[in-house]
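Commentary on secondary and tertiary structure
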Amino acid sequence: MFDLQSALANARFDGIAQIRELGLQGMITLRGDVAAPVLKKAATAASGTAMPGQRKAVFSDTGGMAWMSPDELLILCPYAEVTDRLEALTDALAGTHALAVNVSDARAVFEVSGPHAREVVAKLCPVDLSPQAFSPGDFRRTRMAQVAAAIWADDDQTLRIICFRSVARYVFGVLSVAAQKGSEVGYFQAG
Amino acid sequence: MLILECPCCGVLADETELTAGGEAHLKRFGPESSDDEFEGYLFRRENPRGVHFERWRHSHGCGKWFHAARNTVTLEVYGTYSAQTTEPPEAIRQKISGVAPGWKWRLFK
């Protein structure tokens, strides 16, 4: 049996915010015409959620779906269910011009939480992360320091980040530096 | 700092989130074109002091290409538009004419 490991094995850092690597997360990339009824039906069945609007993400107890680009969706689910869900999705999309791929092991997921979580991420991304501009349900692909990342807000004090697994160590590093003790900015009037 | 709105995903993207793709609306000349045409396609570029049209890619975002019309002197951005076109949309041309009357860029004015 394989001993499956996420990129950083639940590494964590405590500073002005708590940074955690979240371990194995099931992820399926789905590309195609997201307006097509066939694809909508297959995607919502696979994620167990409704379709997300532009730059939005929707979640349920067992999964989630995020809008990645005009022709790309990201389906989130428990790691153990990826194979089954992908199979069902591929079957449902038979004959449709679309692509569904299991990318769970190609990515890493981080959680940044605490009253200063938004500040920590805002130090690294050219995005307005104020609670008014970026709230739970929003989803944003952007640049985190030097690498690509996608961000969404679980609640006002919790942000989640997806990056490529190959740069997980780098992302954990920059997040840890940005969350060093004593580095509060107070711009978003945290708390 | 240049901020462009990506017409594909609607994000107000910072320059560092984008990749510059050079001059817009190039017409490709390949096999069977004359040497002059091919040289022009490969090497001759506008280098205007003023209105300019460029290609950009939202590389750290949705990954799509788009066009931008902007001014190289004032850094004003006149607008962004789809990459799937061979000329700037009328609305953007009118907007430029309002700010910079008499502008001219390659075949467009």
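Residues numbered from 1 in each chain as written. Chains lettered and ligands numbered in written order. Predicted model: local features only at pLDDT ≥ 70, side-chain atom pairs only at ≥ 80, totals over all residues. Heavy atoms only, no water.

If you look chain B up in an unreviewed UniProt entry, it shows as Sarcosine oxidase subunit delta from Arenibacterium halophilum.

Naming follows an unreviewed UniProt entry, where chain A appears as Sarcosine oxidase subunit gamma of Arenibacterium halophilum.

1. Digging into the domain arrangement of chain A
All names here are of chain A. For clarity, the cut-off: Boundaries of every domain are those given by an automatic assignment or by a domain database. We call two residues in contact whenever any of their non-hydrogen atoms come within 4.5 Å of each other. What counts as buried area is the accessible surface, traced by a 1.4 Å probe, that two parts surrender upon association, with contributions from both included. Each reported salt bridge corresponds to a side-chain nitrogen of Lys or Arg within 4 Å of a carboxyl oxygen of Asp or Glu.
Splitting chain A by domain gives domain 1 (26–102) and domain 2 (106–178). A separation of 22 Å is found between the C-alpha centroids of domain 1 and domain 2. Contact residues are listed per partner, giving 13 residues for domain 1 and eight residues for domain 2. Interface area for domain 1 against domain 2, summed over the two sides, is near 940 Å², with a carbon-plus-sulfur share of 61%. For domain 1, the biggest contributors to the area lost against domain 2 are Met27, Arg55 and Met68; these three give 45% of the whole. Applying the counting criterion to the domain 1 and domain 2 interface returns one salt bridge.

2. Digging into a nonpolar patch on the surface
Note the threshold: Patch membership requires over 30% relative accessible area and the absence of a salt bridge. Like charges are linked within 9 Å, and nonpolar side chains (Val, Leu, Ile, Met, Phe, Trp, Tyr) within 5 Å. All accessibility values rest on the Shrake-Rupley procedure with a 1.4 Å probe; residue burial counts only the protein chains present in the view. Partly exposed describes any residue whose relative accessible area lies between the buried limit of under 20% and the exposed limit of over 50%, with all areas from a 1.4 Å probe on protein chains only and scaled to the type maximum.
A grouping of Phe2, Leu4 and Leu24 of chain A is seen on the molecular surface, where their side chains present a nonpolar patch of about 340 Å² in accessible area. Residue class for Phe2 of chain A comes out exposed when judged on its relative accessible area of 74%.

3. Some points on the interface of chain A and chain B
Our working rule: Here a polar contact is taken to be a pair of N or O atoms separated by no more than 3.5 Å, where protein atoms must pair a possible hydrogen donor with a possible acceptor and residues adjacent in sequence count only if both atoms sit in side chains. Counting from the N terminus, the helices are the DSSP runs of H or I reaching at least four residues and the strands are the DSSP runs of E reaching at least two.
With 17 residues of chain A in contact, the opposing surface of chain B contributes twelve residues. Together, Arg55, Arg140 and Arg143 of chain A form the three largest contributors to the area buried by chain A at its contact with chain B, with a combined 38%. Along the contact surface separating chain A from chain B lie two salt bridges. Between Asp71 of chain A and Lys64 of chain B there is a salt bridge, with the nearest N and O atoms lying 2.9 Å from each other. Linking chain A with chain B are eight residue pairs in polar contact (both at pLDDT 80 or more), by the criterion used here. Of all the elements in the fold, those that place two or more residues in the side of chain A that touches chain B are β5 (64–69), β9 (139–144) and β10 (147–155) of chain A. With four residues, the top contributor of residues to the side of chain A that touches chain B is β9 of chain A.

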